[in-house]
Number of protein chains: 4
Amino acid sequence: MLKVALLGAGRIAKVHAKHIDDNPDSVLFSVSSHTTESAKKLAEKYRANVLSVEEAINHPEVDVVLIATPNDTHADFVEQAARTGKAIFCEKPIDLDIARVKACVKTINESGVPFMIGFNRRFDPDHSALQQALAAGEIGSLEHLQINSRDPSPPPKESFPGSGGIFRDMTIHDFDMARFLLQEEPVSVSTIGAALVNPEIAQGGDLDVIVVTLQTASGKIVVINNSRRSGYGFDQRIEAHGQRGSLQVDNLPATSLVKSSEECGTQAQKSPYATRDRYSEAFSAQWAAFIAAVKANKPVPITADDGLKALLLAEAAIESYKTKKVVSVSL
Amino acid sequence: MLKVALLGAGRIAKVHAKHIDDNPDSVLFSVSSHTTESAKKLAEKYRANVLSVEEAINHPEVDVVLIATPNDTHADFVEQAARTGKAIFCEKPIDLDIARVKACVKTINESGVPFMIGFNRRFDPDHSALQQALAAGEIGSLEHLQINSRDPSPPPKESFPGSGGIFRDMTIHDFDMARFLLQEEPVSVSTIGAALVNPEIAQGGDLDVIVVTLQTASGKIVVINNSRRSGYGFDQRIEAHGQRGSLQVDNLPATSLVKSSEECGTQAQKSPYATRDRYSEAFSAQWAAFIAAVKANKPVPITADDGLKALLLAEAAIESYKTKKVVSVSL
Amino acid sequence: MLKVALLGAGRIAKVHAKHIDDNPDSVLFSVSSHTTESAKKLAEKYRANVLSVEEAINHPEVDVVLIATPNDTHADFVEQAARTGKAIFCEKPIDLDIARVKACVKTINESGVPFMIGFNRRFDPDHSALQQALAAGEIGSLEHLQINSRDPSPPPKESFPGSGGIFRDMTIHDFDMARFLLQEEPVSVSTIGAALVNPEIAQGGDLDVIVVTLQTASGKIVVINNSRRSGYGFDQRIEAHGQRGSLQVDNLPATSLVKSSEECGTQAQKSPYATRDRYSEAFSAQWAAFIAAVKANKPVPITADDGLKALLLAEAAIESYKTKKVVSVSL
Amino acid sequence: MLKVALLGAGRIAKVHAKHIDDNPDSVLFSVSSHTTESAKKLAEKYRANVLSVEEAINHPEVDVVLIATPNDTHADFVEQAARTGKAIFCEKPIDLDIARVKACVKTINESGVPFMIGFNRRFDPDHSALQQALAAGEIGSLEHLQINSRDPSPPPKESFPGSGGIFRDMTIHDFDMARFLLQEEPVSVSTIGAALVNPEIAQGGDLDVIVVTLQTASGKIVVINNSRRSGYGFDQRIEAHGQRGSLQVDNLPATSLVKSSEECGTQAQKSPYATRDRYSEAFSAQWAAFIAAVKANKPVPITADDGLKALLLAEAAIESYKTKKVVSVSL
């Protein structure tokens, strides 16, 4: 039974706490948060301890440190935990600054600890089935990948300053998804974008509707379509076109109920709105994969390097947007 | 080029006129109707002659008589045309009275003329694909057939007296469809029903929501679900369950346009409302099959006997409704 | 925190154990089973005690008795638990014998204990959304309900003797669903059926493809379509037709992945095969509803009477099948 | 009744001949083709005359000239017909050379004859419903348009030399569709592409999988996804995302038949493969719109200018592909 020190007690930390508890091979040992009240509440629910981050990271009983604190603390906590030799699961991103990420990756690699970055969408049953079908060659060689990813509604104004902008905050999930499905690194990036959804986003210098295209050395093309607002739920669709056909994953409605009438035509329900509903199975499967790898002393499925590469694609996308040129990348 | 005398100039006659004209092997020779004005208009459109029914049936140039007049004239016109030796296409039913139908069938058989009764739904591309898949054994032996057939809205009050009631007027299409798909005759019939849609239907002694179950000698089960009103278009769905899976045909929407929004969920369009839209391809294919058979001197796909048997099932359904018992039939 | 004594340690008992543990207001206190090994294993997993049925039912710390033992033990255990004044959750059926059920219901009612029978399908998110839409009058007055319920594959031969036959074992879920959705009691029942799936079922005197129609006093019609084998997953669809349109719940595929190719057309995945996958959310929501009612001292959502009425409909269906007549019922 | 001189007797000319004949306000007067045999056959079918192009264009009875000859003859025939004052319907493109198109447009404008270029897809019921819904503001302001257009299979090698390449031959339809739906001109174009489908296409210097993004002055984004091969039918899907939701048009299957089984999951039919099947209604509606405009002496729905602008977008797309930069356009 692996004992887990959870750093953070916010929305995403609560999701992790549940999956730590549900997993037969992990147990929540402690919760640490600068909001002591939240830490207490969460610890109580799962009969865990409340510790300071320092205490948790250095506690001899702790096997795994799970970092779900604000983004700007990730790199520091990763380095501290790496030095104690504990296995680390870190919510994305390690940092928004490339140099800082590279330094952190160096520390991780030198320490030799198991380190996994949280790109939970790889573990969604739909996406996972798609990846397996592609890997099994069901449509032959992949030629064109289209990723549609639209948030239900824009993030609160308060979250802008620390988010790093749409490419580092939102598209980064799609960069990782593209790499997961392509099985070949992109070599060029081009971007167009606009601020159409929310004037405050435009004022903050960010974009909210963007299209990024990637291309690999062998010519494979990826199109990522992002918007900060769908108006009809969490839009998470992918389609892959290959030599022998296509594979698509679609949004599933909240329930299968369909109403048909004179007024409404044939009306299905919206898909879920919140990340935690859409990807609840993904979070659980991600944790299970991490714990299984740590327990078996095998490589974890997503590395620090994957986090770095997704960030490098985000940087290239920003450069392409600014220069109006196709930007080369070497991952 | 087969020359066709069209008897009738109403809604359904107009549909036939178009398909006679479109078919490369038939031409509209004449139109006959007691409403002379309608006959004239229709004849003019296709450069055909206006003739009396007598003249048309006996005209030496006429090869085919198409009967699309009011129901109570069908049997007489069939007999007259049969005696002249012309090929006959007759809209269902031959008559609503079983004895009259039997006499008429006898005349037809003695005359040896090609005679086809109009059960156009067999020629609908969806239903036809279903029949072929069943016949090809795609789901192994058929076990359970469900026919959903709902009119968009109740027929006008005026049509009640001559309609023969829901079983002879509406369910008769589904009895024929069941026989078409089963490839085995039903041996028993049971019925439940109610008048829920329109109080005037109840006052006229008719029903408007009914379920008829059929069973064949080998045990195959059919359920026919009828309503005089769907409230969302023309509901025409069939599902077949067999040893190795199921086959279903569904309602297609008017266009593929789908709208997704906060208010409407995911909203597809209604299916078409009118028979002539839903089954326009079926009418065309039916006529083509008839003309091809006549031209090649081969058996027509639907016989007078098929019309009789569907009517016998309607009679049994009525008896079952009245007696609250399963009724045996021998077709 | 309500302490639960779980009677049984088989497949369905394990499902309940998980939901007892997950629910924030209940805890698994003990497991009892004549298969001691299974009881031990299950108890260990949730840190619960292993007790005999007698000990469990009479234990002063136990608040709730959950009966998930073989069917023929239900009635006895219900009566024993009722006499101790404990809240009872009992898997369906109370018994397969009507007289025994009636006696048991009497004991329950006299004891005044909270008693709920497990018809988990009412709590499935799809079915629940359908019920709420109907209750909210979204399609006006209900006229025609169609329930499609097909098992993925026939039950093992060994389960026949104790099952009570298809109507008491399988259709009973659909009788309860019909009552749940109708909000009006059926007054008549008619049945047709056949043994087409498995010759061993026929030899055992049972049926495996059946259609039962129900009708209420106001004329509303229900059609239940059952088969012991679908060949494509667990078929659980319902459609409701009313004054102003229709509502349908459909089978959802295992994932949303769809493949399109020259060979396969457009191919979606099968729906789940097993009850525990299809209805896992239903089991959880059912338990939550029971615990919430017991805790709040409010009426439980499904009563012993509901269990009895579903069984009376099964009896009527059997009689109709034998007599080939519509059978009247008075619930 | 407008008398039509049809220039051409190939595949697309035959489609037009049928719609000329079906339309109540037009009649096929003559067919002209350098393949005299084809012209004769087609003329015979519709009881029309066989004339030389010269004779047809100058015939006093001819009201409309329909140009469906090989691409490199369009501009000459357009100019000849314009000078006779006849109404002209010309299959796209006027020419593949921008200068030639501009000269031709000048002649047309000076002549004042009704001139329509054939972009039939605007008249497809699905696309037309989408355009109307957008124009009616059903999703508020449009933000992001995605056009998926994939041919079932690559064109024959022989067609390469004269096609003008994928952008002028295939994407040009999507450029017109984008302009039709946007109601605002694009101001910039960027392109990525590859030759992945057919090595012969690569050897000919052409591409077969491409993505073009467009942006308007107000920031609206368009993504066009093209491939010369889908492997599952004619892929023609569009999705529009706006302020208040999304609108999508999808591929409809050949029939609604769906098969479910252990082996195949839930399998729908492929969509039609051929342009003439997918867009048969579009061709008919396009002709009706042209004839109605000519008859009523009103502006035709698609002008020579629309043809020119689509071609200018194709040129810009080619330039962007070559320079790896966003290219500005001024339409």
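Since the structure is predicted, the reported quantities are computational estimates derived from the model, not experimental observations.

Reading guide: rules and limits
- Residues numbered from 1 in each chain as written.
- Chains lettered and ligands numbered in written order.
- Predicted model: local features only at pLDDT ≥ 70, side-chain atom pairs only at ≥ 80, totals over all residues.
- Heavy atoms only, no water.
- Axes fitted to C-alpha atoms, helices over the stretch in contact; angles between N-to-C directions.
- Helix = DSSP H or I, 4+ residues; strand = E, 2+ residues; numbered from the N terminus.
- Parallel < 35°, antiparallel > 145°, perpendicular 65-115°, else oblique.
- Left-handed = near helix turned anticlockwise from the far one by under 90°.
- Contact = heavy atoms within 4.5 Å.
- Nonpolar A, V, L, I, M, F, W, Y, C, P; charged D, E, K, R; others polar.
- 1 Å grid on protein atoms, 1.4 Å probe; cavity = no way out; pocket = protein on both sides within 12 Å on 5 of 7 lines; lining within 4 Å.
- Points joined across faces, edges and corners; volume = space filled by probe spheres on them.
- Least-squares fit on C-alpha atoms with pLDDT ≥ 70 in both.
- Buried < 20%, exposed > 50% of the residue type's maximum accessible area, 1.4 Å probe, protein only.
- Expected span 1.5 Å × (residues − 1).
- Polar contact = N/O pair within 3.5 Å; in protein donor to acceptor, adjacent residues only side chain to side chain.
- Buried area = accessible area lost by both parts, 1.4 Å probe.
- Salt bridge = Lys/Arg side-chain N within 4 Å of Asp/Glu carboxyl O.
- Pairing = 2+ DSSP bridges.
- Right-handed = clockwise from strand over helix to strand, strands pointing away.
- Domains from an automatic or database assignment.

Visitor: Just to check I follow, could you spell out the packing of helix α5 (residues 98–111) of chain D against helix α12 (residues 304–323) of chain D for this structure?
Guide: Helix packing for two helices is described by the angle between their axes and how far apart those axes are. All names here are of chain D. Relative to each other, α5 and α12 sit at 165°, their axes nearing to 10 Å. Between α5 and α12, the angle is such that the two are roughly antiparallel. As for how α5 packs across α12, the hand of that crossing is left-handed. From α5, Ile98, Val101, Lys102, Val105 and Ile108 reach across to α12, where they touch Ala304, Leu308, Leu311, Leu312 and Glu315. Split into classes, the residues belonging to the contact of α5 with α12 amount to eight nonpolar, no polar and two charged.

Visitor: I would appreciate a short explanation of unusual backbone geometry in the present structure.
Guide: For residues other than glycine, phi is negative in most cases, and the peptide bonds are mostly trans. Cis peptide bonds are those with omega within 30 degrees of zero, and the linkage from Lys92 of chain C to Pro93 of chain C qualifies with -5°. Note on placement: Pro93 of chain C falls in the loop between β5 (87–91) and α5 (98–111). Unlike most non-glycine residues, Asn297 of chain A shows phi in positive territory, near 55°. As for its placement among the helices and strands, Asn297 of chain A is situated in the loop between α11 (280–296) and α12 (304–323).

Visitor: Got a minute to help me understand empty space enclosed by the protein in this structure?
Guide: Empty space among the atoms can be located by rolling a probe the size of a water molecule over them. Applying the stated criterion across every chain, the model contains 14 cavities of 30 Å³ or more. Of the volumes computed, that of the second largest cavity is approximately 150 Å³. Together, 19 residues line the second largest cavity, and Ser190, Thr191 and Thr213 of chain A together with Ser190 and Thr213 of chain D are the ones closest to its centre. Elements represented by at least two residues in the lining of the second largest cavity include exactly β8 (186–194) and β9 (209–216) of chain A together with β8 (186–194) and β9 (209–216) of chain D. When grouped by side-chain class, the residues that make up the lining of the second largest cavity number seven nonpolar, eight polar and four charged.

Visitor: Would you mind going over the relation of the copies chain B and chain C with me for this structure?
Guide: Comparison of the two chain copies shows a relationship of rotation about an axis with a shift along it. Of the two same-sequence chains, chain B is brought onto chain C (RMSD 0.0 Å, axial shift 0.0 Å) by a rotation of 180°. Such a combination of rotation and displacement between the chain copies is what one expects of a two-fold axis. Of the C-alpha atoms belonging to chain B, the one lying closest to the rotation axis is found on Lys325 of chain B, 2.2 Å away.

Visitor: How should I be thinking about helix α4 (residues 74–84) of chain A in this particular structure?
Guide: All names here are of chain A. Considered for burial, the residues of α4 that qualify are His74, Ala75, Phe77, Val78, Glu79, Ala81 and Ala82. Where the residues of α4 are buried, they touch β1 (2–7), α3 (53–58), β4 (64–67), β5 (87–91), α5 (98–111) and β6 (115–118). Once α4 finishes, Gly85 follows within two positions and takes phi at roughly 80°, a positive value.

Visitor: Help me understand α5 of chain D, please; the structure alone is not making it clear to me.
Guide: Three- or four-residue spacings in an α-helix give side chains the same orientation, since the helix completes a turn every 3.6 residues. Residues and elements named next belong to chain D. Between its terminal C-alpha atoms α5 stretches 20 Å, which fits the 20 Å expected from 14 residues at 1.5 Å a residue. Among the residues making up α5, those that are buried are Ile98, Val101, Cys104, Val105, Thr107 and Ile108. Contacts made by the buried residues of α5 are with α4 (74–84), β6 (115–118) and α12. For α5, the side-chain oxygen to backbone nitrogen distance between the N-cap and Ala99 is 3.3 Å, and the N-cap itself is Asp97. Count one or two residues on from α5 and you reach Gly112, which has phi positive near 75°.

Visitor: What should I look at first to understand the interface of chain B and chain C in this one?
Guide: Accessible area lost upon the coming together of the parts serves often as the stated size of an interface. Counting residues at the interface gives 38 residues for chain B, matched by 38 residues for chain C. Taken together, the two surfaces of chain B and chain C that pack against each other cover about 2900 Å², and 54% of this comes from carbon and sulfur. The largest contributions to the chain B side of the interface with chain C come from Glu143, Ile192 and Leu196 of chain B, which together make up 19% of the buried area. Here chain B and chain C share four salt bridges between them. The closest approach of N and O atoms between Arg229 of chain B and Glu143 of chain C, which form a salt bridge, is 2.5 Å. Counting every contact that joins chain B to chain C gives 24 residue pairs in polar contact (both at pLDDT 80 or more). Elements represented by at least two residues in the side of chain B that touches chain C include exactly β7 (142–150), β8 (186–194), β9 (209–216), β10 (221–227), β11 (235–242) and β12 (245–249) of chain B. Looking at the side of chain B that touches chain C element by element, the count peaks at six residues for β9 of chain B. Grouping the amino acids of the side of chain B that touches chain C by side-chain chemistry returns 12 nonpolar, 17 polar and nine charged.

Visitor: Help me understand the side chain of Arg179 of chain A, please; the structure alone is not making it clear to me.
Guide: Residues and elements named next belong to chain A. Relative to the assigned elements, Arg179 resides in helix α8 (residues 166–182). The class for Arg179 is buried, based on a relative accessible area of 11%. Within the structure, the side chain of Arg179 is placed 2.8 Å from the side chain of Glu185, a separation counted as a polar contact. Excluding anything up to four places from it in sequence, Arg179 contacts Arg122, Glu185, Pro186, Asp306, Lys309, Leu313 and Leu331.

Visitor: Quick question: what am I supposed to make of the interface of chain A and chain D here?
Guide: At the interface, 38 residues of chain A touch 38 residues of chain D. Roughly 2900 Å² of surface becomes buried between chain A and chain D when both sides are summed, with 54% attributable to carbon and sulfur atoms. Area buried by chain A at its contact with chain D is led by Glu143, Ile192 and Leu196 of chain A, which between them contribute 19% of it. Where chain A meets chain D, there are four salt bridges.

Visitor: For this particular structure, what's the right way to read the sheet that holds strand β3 (residues 49–50) of chain C?
Guide: Strand pairing in a sheet is mediated by backbone hydrogen bonds. Such pairs are either parallel or antiparallel. Residues and elements named next belong to chain C. Read across the open sheet, the six strands follow the order β3-β2-β1-β4-β5-β6; overall the sheet is parallel. Lying at the two open borders of the sheet, with one neighbouring strand each, are β3 and β6 (115–118). Strand direction decides the pairing type here: strand β1 (residues 2–7) and strand β2 (residues 26–32), joined by six bridges, are parallel. Directly across from Leu6, in β2, lies its bridge partner Val31. Along the sheet face, helix α1 (residues 11–22) touches β1, β2, β4 (64–67) and β5 and points at about 150° away from the line of β2.

Visitor: So what exactly am I meant to see when it comes to the pairing of strand β4 (residues 64–67) of chain B here?
Guide: Looking along a regular strand, one sees the side chains alternate between the two faces of the sheet. Residue and element names in this part refer to chain B. Burial along β4 is two-sided: the residues Val64 and Leu66 and Val65 and Ile67 are all buried. One ladder, built from four bridges, connects strand β1 (residues 2–7) with β4; its direction is parallel. Bridging across to β4, Ala5 finds its partner in Val65. Here β4 runs beside strand β5 (residues 87–91); their pairing, made up of four bridges, is parallel. Note on β5: the bridge partner recorded for Val65 is Ile88. Read from β4 through helix α4 (residues 74–84) to β5, the crossover connection turns out right-handed.

Visitor: Please explain the domain arrangement of chain A as it appears in this structure.
Guide: Residues and elements named next belong to chain A. According to the domain assignment, chain A consists of domain 1 (2–113) and domain 2 (122–276 + 309–328). On a C-alpha basis, the centres of domain 1 and domain 2 stand 28 Å from each other. Contacts between the two partners involve eight residues from domain 1 and, on the opposite side, 11 residues from domain 2. Carbon and sulfur atoms make up 67% of the area that domain 1 and domain 2 hide from each other, which totals about 780 Å². When the buried surface of domain 1 facing domain 2 is broken down by residue, Lys92, Leu96 and Ile98 rank first, second and third, together holding 65% of it. Applying the counting rule to domain 1 against domain 2 returns zero salt bridges. One can count one residue pair in polar contact (both at pLDDT 80 or more) joining domain 1 with domain 2. Across the side of domain 1 that touches domain 2, the residue classes break down as four nonpolar, one polar and three charged.

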